Structures are given as structure tokens and as C-alpha cells.
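Secondary and tertiary structure notes
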Amino acid sequence: MGFIGETVDSVKSIQIRQFLSQVVSFGMIVTSALIIWKALMCVTGSESPVVVVLSESMEPGFKRGDILFLHISEDPIRAGEIVVFNVDGRDIPIVHRVIKVHERLDTAEVDLLTKGDNNDEDDRLLYAQGQSLRSKVREQVLEHDVRHIEEKLEEI
Amino acid sequence: MHTYVYRLNVLLTEAITLLALMCAIASLSDKLNVASPSADIQVLHINWFHKQRNGNDEVSLTMNVSADLKSTFTWNTKQVFVFLAAEYETEKNYLNQISLWDAIIPSKEQAKFSYHTINKYRFTDQGNSLRGKKYNLTLHWHVMPKTGKMFSDRIVTTGHSLPEEYI
């Protein structure tokens, strides 16, 4: 009786140990992936260092499904650069090119207008109503935060 | 240790690592290219120049944009995005860049071009400071690679100015 009990116990403990060891290994893999992602966020300075292109608005340069690596720099944003931004209240990142820049002298604020290469129209209509028009260039947080130009009822 | 799944796993990891390495090397090879581009931009005619209802100045130009960007193409180039920007300074803004025209050059053969065109995008100011304004017309180009880092350069042409009065 004691012998059988001992064998059962030892078998159970092996199974439990194996199970626990597998759980820990799995946890390690998941945490390593998370560490790599956070490290990438740190190195690039961007909240979302890898994005996927979602629309065809930048064809033939970027196709749907292409993967982009982003980074933020202290350099000011200039016309022609490709930026990734979110419209206020939406989660989808938009990858477009800056076509107009108006940068102030005194406050280091900048107004930008973007347009997808493959689009006929610029992004005026895309920006949220009353989306903050200007941003201090040195306080960017998201990928390349973009604020739009207030064109004051300009006819399109 | 010797199952199909394990071997497949190793194969896949090695393949992806090698692919990433090849992409990096391809991108580095772009640095070996020395480009010698040339451009010539002429403003042929000012079509109109007025103040819009909202108070912003707007001008329409007819231009001739010629350039030879063949040397910017490498084997790793997917396309070159070229655009012409008017750049000027006002009291309110120390830098204004307005893209007037752009084009995508998909191949080396089409990289030598001459376009006679009016501005594709509106040349409007934030305000009404354009009368008599001196501005530069800069041809920018962005080389977009098949894989790797994008790089860009430009040629600045100075000496352009807008009329003192509205037309």
C-alpha cells in the first residue's frame, strides 16, 4: 500500500513539475516578446514603432500590408516627409506625405497639411472637426504628431 | 528533436533571419551610389494673383520643370517621388513650404523629364503677405527603395519673386 502510494505520488509530482515548467517557459516567451516591443518603443521614441499600411493611398510606394518602421526625431517636420498620425478620436494610423508647412517664428509651432500620394485630394476633410490646429514641435508624443492647417473655409 | 515540426521551425527562423540580413545589405548598398542630378525651373507666367474671400493670398503660376534624376536611381530603387515646393518667409511664419507640383518616377528611363504645367496644388499663404514676396523654388526628391531606408535630397533655385500688386 505504501509502495503504491509512493509511486502514485512520484508520478503526480513529475507531471505537476512538467506542467509548471511548461507554463513558465511559455510565460518567458511572452515576456521576451513584450520586452523587445517596449525596447523598440524606447529606442525609436515612438508609441508604435512598427505599423502596417492599411490603405492604398500611398501606392505605388507603399502597398497594403507593407510593414513600416517608424522613429521620432527632434528635427522639424519638412515638406515631403512621410508621417504617420492618428486623427483625434480614431485609432487607425494614417501614413501620408506632408505637402504644406507653415512654421512660426516665435512659438515653434507648426501647421501641416498632408496628402496621400495616390489620392487626388489632400487630407483637409480627414482631420477631425476642431482638431487641435497647432502643436509645439518639441512636445511630440505620438509617432509624428501632425496637426492640420486651418484654412478658414477655403474653397477646395 | 528530430521531428518535422522542429526542423520546419529551424528552417523558417533561418530563412527569415537571412531575408532580414539581405534586406539590410541591399539598403546599405544604396550608400555606394553617388548621384549627380540637375534641375532647371522656370516660372513662365503668373496667371492670376489675388486675395481670397477668407483673406489669404493665392497665386497661380505656369512653370517649366526640367530635371535629370537618372543618377539617383539604384538597383534597389522602387520609385522616386519628386515635388516642387515654393519656400518663403513671412512675418508670421519663419518658414513656409508649399508643394506646387509632384510626380512619381517609376523607373530610371523616365527620370529625365520636362514638364510644362500650372501648379497642381494651390499656392496659398496663411495671410496676405505674398505681394512682392521673394521665394525659392526647390525641387525635392525622395528615393523610395524596394527595401530599406528612404533618403532624399533637393536642388534650390532662388531669385523668384511675386509681383508687387495683385493681378
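Residues numbered from 1 in each chain as written. Chains lettered and ligands numbered in written order. Predicted model: local features only at pLDDT ≥ 70, side-chain atom pairs only at ≥ 80, totals over all residues. Heavy atoms only, no water.

Spelled out, the test is: UniProt positions are given in the numbering used here, feature names are shortened, and annotations may be inferred rather than shown by experiment.
Looking at an unreviewed UniProt entry, chain B carries the name Signal peptidase complex subunit 3, with the source organism given as Trapa incisa. Among the UniProt annotations of chain B, the heading Sequence similarities (unreviewed entry) holds the following wording: "Belongs to the SPCS3 family." UniProt annotates chain B under Subcellular location (unreviewed entry) with the comment "Endoplasmic reticulum membrane".

You'll find chain A entered in an unreviewed UniProt entry as Signal peptidase complex catalytic subunit SEC11, with Trapa incisa given as the organism. The annotation that UniProt attaches to chain A under Function (unreviewed entry) is "Catalytic component of the signal peptidase complex (SPC) which catalyzes the cleavage of N-terminal signal sequences from nascent proteins as they are translocated into the lumen of the endoplasmic reticulum. Specifically cleaves N-terminal signal peptides that contain a hydrophobic alpha-helix (h-region) shorter than 18-20 amino acids." Its UniProt record gives chain A a comment under Subcellular location (unreviewed entry), which states: "Endoplasmic reticulum membrane".

**Observations regarding the overall build of chain B**
Condition: Numbering of helices and strands starts at the N terminus; helices are DSSP runs of H or I of at least 4 residues and strands are runs of E of at least 2. To get the radius of gyration, use the C-alpha atoms; to get the globule rule, take the number of residues to the power 0.38 and multiply by 2.2 Å. Residue burial is assigned from relative accessible area. The probe radius is 1.4 Å, only protein chains are included, and a residue is buried under 20% of its type maximum, exposed over 50%, and partly exposed in between. Every residue pair with non-hydrogen atoms within 4.5 Å of one another is taken to be in contact. Calculation of accessible area relied on Shrake-Rupley with a 1.4 Å probe; when residues are assessed, cover is drawn exclusively from the protein chains displayed.
Of regular secondary structure, chain B possesses 1 helix and 8 strands. Starting at the N terminus, the α and β elements of chain B follow one another as α-β-β-β-β-β-β-β-β. Against the 2.2 N^0.38 benchmark of 15 Å for 167 residues, chain B shows a C-alpha radius of gyration of 23 Å, more extended than a compact globule. The buried share of chain B, taken over its 167 residues, is 43%. For chain B, restricting intrachain contacts to residue pairs at least 6 apart in sequence, the fraction spanning at least 24 positions comes to 68%. For chain B, the accessible area works out to roughly 9,300 Å², and carbon and sulfur atoms hold 58% of it.

**Observations concerning the UniProt feature "transmembrane region" (unreviewed entry) in chain A**
As annotated by UniProt and renumbered to match this structure, "transmembrane region" (unreviewed entry) occupies residues 19-40 of chain A. Taken end to end, residues 19-40 of chain A is 100% helix and 0% strand, and its two terminal C-alpha atoms sit 32 Å from one another.

**Topic: the side chain of B:Asn96**
Structurally, B:Asn96 is set in strand E4 (residues 93-105). On the basis of relative accessibility, which here comes to 0%, the residue B:Asn96 falls in the buried class. Residues within four places of B:Asn96 in sequence aside, it is in contact with A:Val101, A:His102, B:Ala86, B:Glu87, B:Tyr88, B:Glu89, B:Thr90 and B:Asp125.

**Digging into the UniProt feature "domain: Peptidase S24/S26A/S26B/S26C" (unreviewed entry) in chain A**
Per the UniProt annotation, the sites labelled "domain: Peptidase S24/S26A/S26B/S26C" (unreviewed entry) are residues 36-100 of chain A. Between the C-alpha atoms that bound residues 36-100 of chain A there is a distance of 36 Å. The span itself is 14% helix and 29% strand.

**Remarks on the interface of chain B and chain A**
This is how it is decided: The term buried area refers to how much accessible surface (probe radius 1.4 Å) is lost by two components on association, counted for both of them together. Each salt bridge in this description consists of a side-chain nitrogen of Lys or Arg and a carboxyl oxygen of Asp or Glu lying within 4 Å of one another. Definition of a polar contact: a pair of N or O atoms within 3.5 Å, with one able to donate and the other able to accept a hydrogen when the atoms are protein atoms, and with sequence-neighbouring residues admitted only if both atoms are side-chain atoms. Only when DSSP finds a minimum of two bridges between them are two strands counted as paired.
With 27 residues of chain B in contact, the opposing surface of chain A contributes 27 residues. Summed over both partners, the interface of chain B with chain A comes to about 2,400 Å²; 50% of that surface belongs to carbon and sulfur atoms. Taken together, chain B and chain A are joined by 0 salt bridges. The tally of links between chain B and chain A comes to 15 residue pairs in polar contact (both at pLDDT 80 or more). Where the side of chain B that touches chain A is concerned, the elements lending two or more residues are strand E3 (77-88), E4 and strand E7 (134-145) of chain B. Sheet analysis places strand E4 (residues 93-104) of chain A next to E4(B), joined by 5 bridges and oriented antiparallel. Looking at E4(B), one finds that A:Glu103 is bridged to B:Leu95.

**Thoughts on the domain arrangement of chain B**
Residues and elements named next belong to chain B. Note the threshold: Delimitation of the domains relies on an automatic or database domain assignment. Polar here means any residue outside two lists: the nonpolar Ala, Val, Leu, Ile, Met, Phe, Trp, Tyr, Cys and Pro, and the charged Asp, Glu, Lys and Arg; Gly therefore counts as polar.
Looking at chain B, the domain boundaries give domain 1 (1-32) and domain 2 (34-161). Between domain 1 and domain 2, the residue contacts involve 6 residues of the former and 9 residues of the latter. The contact between domain 1 and domain 2 buries some 580 Å² in all, and 47% of this surface belongs to carbon and sulfur atoms. Broken down residue by residue, the surface that domain 1 buries against domain 2 is led by Ala26, Ser27 and Asp30, which jointly contribute 66%. Scanning the region where domain 1 abuts domain 2 turns up 0 salt bridges. Here domain 1 is connected to domain 2 by 6 residue pairs in polar contact (both at pLDDT 80 or more). For the side of domain 1 that touches domain 2, the class distribution of residues is 3 nonpolar, 2 polar and 1 charged.

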